[in-house]
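Residue-level structure breakdown
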Amino acid sequence: MTETHIGPGPARRFGSRLRILAIGRNPKTTLIRAAVLAAVCLAVFKWVLLPVRVQGISMAPTYADHSVNFVNRLAYRWHGPRRGDVVGIRTTPPDGWSAPHIMYFKRIIGLPGESISFVDGRVLVNGQTLEEPYEKGPCDWNAAPVTLGPDEYFFVGDNRSMPKEQHFFGKAERNRIVGKALW
Amino acid sequence: MVKWLRLLLLVIVVALGAWAWVALHPSPERLIRRQLEGVARAASFGPGQGYLAKLAGAQRLADFFSTNIEVHIDVPGHQGHTLAGREEIQQAALASRASVQSLTVTFPDVTVIVDSDQESAVADLTLQARVSGEQEMVVQEMKATLRKINGQWLIVKVETVRTLR
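The structure presented is a predicted model; accordingly, all values stated were derived computationally and were not measured.

Rules behind the numbers
- Going along each chain's sequence as written, the residues are numbered from 1 onward.
- Here the convention is simple: chains get letters from A, ligands get numbers from 1, in the order in which they are written.
- Under the rules for a predicted model, residues below a pLDDT of 70 receive no local features and side-chain atom pairs below 80 are neither given nor counted, while totals for whole chains, interfaces and linings still include all residues.
- Side-chain measures here rest on the full set of heavy atoms in the structure, leaving out hydrogens and waters.
- What counts as a helix is a DSSP run of H or I of at least four residues, what counts as a strand is a run of E of at least two, and both are numbered from the N terminus.
- For a compact globule the rule gives 2.2 Å times the number of residues to the power 0.38, and the radius of gyration it is set against comes from C-alpha atoms.
- Each residue gets one of three labels from its accessible area relative to the maximum for its type: buried under 20%, exposed over 50%, partly exposed in between, using a 1.4 Å probe on protein chains only.
- Two residues qualify as a contact provided that any one of their heavy atoms is within 4.5 Å of a heavy atom in the partner residue.
- To measure how exposed things are, a 1.4 Å probe is used in the Shrake-Rupley method; for residues, cover is taken only from the protein chains shown.
- Neither His nor the chain ends contribute to the count of charged residues, in which Lys and Arg are positive and Asp and Glu negative.
- Where a charge sits is defined by one atom per residue type, namely NZ (Lys), CZ (Arg), CG (Asp) or CD (Glu).
- Using a 1.4 Å probe, buried area is obtained as the accessible area two parts lose upon being combined, added over both of them.
- By definition, a salt bridge exists where a carboxyl oxygen of Asp or Glu is found within 4 Å of a side-chain nitrogen of Lys or Arg.
- Polar contact criterion, stated in full: a pair of N or O atoms within 3.5 Å, where within protein one must be able to donate a hydrogen and the other to accept it, and residues adjacent in sequence count only if both atoms are side-chain atoms.
- In this classification, the charged set is Asp, Glu, Lys and Arg, the nonpolar set is Ala, Val, Leu, Ile, Met, Phe, Trp, Tyr, Cys and Pro, and all remaining amino acids, among them Gly, are polar.
- Pairs of strands are assigned from DSSP output, requiring at least two bridges between the strands.
- Think of each axis as a best-fit line through the C-alpha atoms, taken over the contacting stretch in the case of a helix, with angles from 0 to 180 degrees between the N-to-C directions.
- Buriedness for pockets is judged along seven lines, at least five of which must meet protein on both sides within 12 Å for an open set on the 1 Å grid over protein atoms alone, while cavities are sets there where a 1.4 Å probe fits but cannot get out, and lining residues have an atom within 4 Å of a point.
- Grid points are joined across faces, edges and corners, and a volume is the space filled by probe spheres set on the points.
- Summary of the metric used: pLDDT quantifies the predictor's per-residue confidence within the range 0 to 100.
- Given a helix with a known number of residues, its expected span is that number minus one, times 1.5 Å.
- To obtain the arc, one takes the directions from the helix axis to the C-beta atoms.

Moving on, we get to the overall build of chain B. Across its full length, chain B holds 4 helices and 7 strands. For chain B, the α and β elements follow one another from N to C terminus as α-α-α-β-β-α-β-β-β-β-β. Its C-alpha atoms give chain B a radius of gyration of 20 Å, more than 25% over the compact-globule value 15 Å for 165 residues. Principal axes of the C-alpha set define a box for chain B whose edges measure 70 × 40 × 35 Å. Relative to its 165 residues, chain B shows a buried fraction of 36%. In chain B, the share of contacts with a sequence separation of at least 24, taken over all contacts with a separation of at least 6, comes to 52%. Carbon together with sulfur atoms contributes 59% to the accessible area of chain B, which is approximately 10,100 Å² in total. Averaging the positions of the 17 positive and the 16 negative side-chain charges in chain B gives two centres separated by 10 Å.

See the structure below:
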């Protein structure tokens, strides 16, 4: 007399593998992992990497209207903002660690203590022309020198072909900087 | 087991009690935030409103301000402008309803600082406005001063703030 072991059929094996793939070998552990992952994602995207949608053309062509980016709030934890960085600037005074819903997206061209001016579309930092490879369009802006305080930075968008009057730019304090654009 | 259930029940009762207390006795900051939400709602309007609806909307908006309200508007590219008194606010609201089809106003970021006397407060806020037909939305930092008048928080002064100077 021979005994034949009859295992689960191919359809049943496939169903079992699919179940493992979807909910793991131990559904309880999977549930805990999913909850932890959701909590981590929520915390990261609420307080550290803020998702932003660019609105407007003031940062064109570097960032197109409606493009998506992230603002890294930890970027300046170990060093200060640098010239050329694109940053998010809050439109209300800082309120603890809470993240703003709306911010300006601009490039830093002036650092504390410097004097910034526009002459025939060129940016002068302490009287020296600033090389700006990101600025592509024609520009004819002129603006008198602005001297920055010990805690002030100068911000401007990359699209200088638009009229100066329609472009928000100028100086603000360090604590207005929310973080640096991720890319 | 019964002990844990009782403890859980106690925690739930305490949490409900705390929630009820906060809901029934809102802090001045909460009241001011509610008031500002009301301003945003009253300032917004949809298309196709009749004259009476426009008038009522403008009146509703004006009710959030004190009679001696002062509004200072100074934005780049435009000449500075000042509105004084509730009447002028109402007229400006009516004019905006006549000149654009629809307007959606929100205050997404609000910071409220209440004075120690609990009678006056300053709210720093970001105004976000979408006008029908306009591709770009309006974003403007503002500062509002509020005072408790006859038990109600009314706006006594509004001014635009230049985020980038």
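Chain B puts 17 residues into the contact, and the matching count from chain A is 25 residues. Carbon and sulfur atoms make up 54% of the surface buried where chain B meets chain A, a total of about 1,900 Å² over both sides. Scanning the region where chain B abuts chain A turns up 3 salt bridges. As a salt-bridge pair, Arg 165 of chain B and Glu 152 of chain A come within 2.8 Å of each other at their nearest N and O atoms. Joining chain B to chain A, the criterion identifies 8 residue pairs in polar contact (both at pLDDT 80 or more). Ranked by residue count, the leading element in the side of chain B that touches chain A is strand β5 (residues 120-131) of chain B, at 5 residues. Of the residues in the side of chain B that touches chain A, the class split is 6 nonpolar, 5 polar and 6 charged.

Here the focus is the sheet that holds strand β9 (residues 152-156) of chain A. Residues and elements named next belong to chain A. On the basis of which strands lie adjacent, the open sheet formed by 7 strands has the order β1-β2-β11-β3-β4-β9-β10 and antiparallel pairing. This sheet does not close on itself; its edge strands, each paired only once, are β1 (49-53) and β10 (170-173). Adjacent strand axes in the sheet meet at a mean angle of 45°, parallel and antiparallel pairs treated alike. Strand direction decides the pairing type here: strand β3 (residues 86-90) and strand β11 (residues 177-181), joined by 3 bridges, are antiparallel. By the bridge assignment for β11, Ile 89 is matched with Ile 177. Strands in contact with helix α2 (residues 27-48) are β1 and β2 (68-72); relative to β1, the strand with the most contacts, it is inclined by about 65°.

Before going further, it helps to spend a moment on the pattern of salt bridges. Close approach of charged atoms lets side chains of opposite charge pair. Following the criterion strictly, the structure yields 12 salt bridges over all chains and no others. For Glu 173 of chain A, the salt bridge goes to Arg 165 of chain B, with nearest N and O atoms at 3.1 Å. Taken together, the residues Glu 173 of chain A in strand β10 and Arg 165 of chain B in the segment after β7 (152-161) connect one chain to another. Given the relative accessible area of 26%, Glu 173 of chain A is considered partly exposed. Two residues, Arg 162 of chain B and Asp 74 of chain B, come together in a salt bridge whose shortest N-O distance is 3.4 Å. One end of the pair, Arg 162 of chain B, is in the segment after β7; the other, Asp 74 of chain B, is in the loop between β1 (65-73) and β2 (81-84), and 88 residues separate them in sequence. Assessed through its relative accessible area of 39%, Arg 162 of chain B is described here as partly exposed. Overlapping salt bridges bring together Glu 152, Lys 171 and Glu 173 of chain A together with Arg 165 of chain B as one network.

On to empty space enclosed by the protein, then. To locate leftover empty space, one rolls a probe as large as a water molecule over the atoms. Summed over all chains, the structure comprises 1 cavity of 30 Å³ or more. Taken together, Tyr 104 and Phe 168 of chain A together with Asp 74, Val 75, Pro 76, Gln 140, Glu 141, Val 161, Arg 162, Thr 163 and Leu 164 of chain B make up the full set of residues lining the largest cavity. A breakdown of the residues in the lining of the largest cavity according to their chemical character gives 6 nonpolar, 2 polar and 3 charged.

So, on to the confidence of the model for chain B. Residues and elements named next belong to chain B. Averaged over every residue, the pLDDT of chain B is 92; the share at 70 or more is 100%. The least confident element of chain B, judged by mean pLDDT, is helix α1 (residues 2-24) at 90; the most confident is β7 at 96. Our summary of model confidence lists the complex with pTM equal to 0.83 and ipTM equal to 0.79.

Next up on the list: helix α3 (residues 51-62) of chain B. Residues and elements named next belong to chain B. In this model, α3 (12 residues) spans 17 Å end to end at C-alpha, consistent with the 16 Å of a helix rising 1.5 Å per residue. Residues of α3 that are buried: Gly 57, Ala 58, Leu 61 and Ala 62. Projection of α3 onto a plane perpendicular to its axis shows the buried side chains occupying an angular sector of 135°, all on one side.

It is worth spelling out the sheet that holds strand β8 (residues 143-147) of chain A at this point. Residue and element names in this part refer to chain A. A sheet is described by the order of its strands in space; here 4 strands give the open sequence β7-β6-β5-β8, paired in antiparallel fashion. With partners counted over all chains shown, the strands left at the sheet margins are β7 (128-129) and β8, one partner each. The pairing of strand β5 (residues 115-119) with β8 spans 3 bridges and is antiparallel. Looking across to β8, one finds that Ile 116 is bridged to Val 146.

What follows is about the side chain of Asp 85 of chain A. Residues and elements named next belong to chain A. One can find Asp 85 in the loop between β2 and β3. In terms of polar contacts, Asp 85 uses its side chain to reach the side chain of Tyr 76, at 2.7 Å. At a separation of 3.1 Å, a polar atom in the side chain of Asp 85 contacts the main-chain amide nitrogen of Arg 82. Non-local contacts of Asp 85, meaning those with residues more than four positions away in its chain, are made with Tyr 76, Lys 106, Arg 107, Ile 108 and Lys 180.

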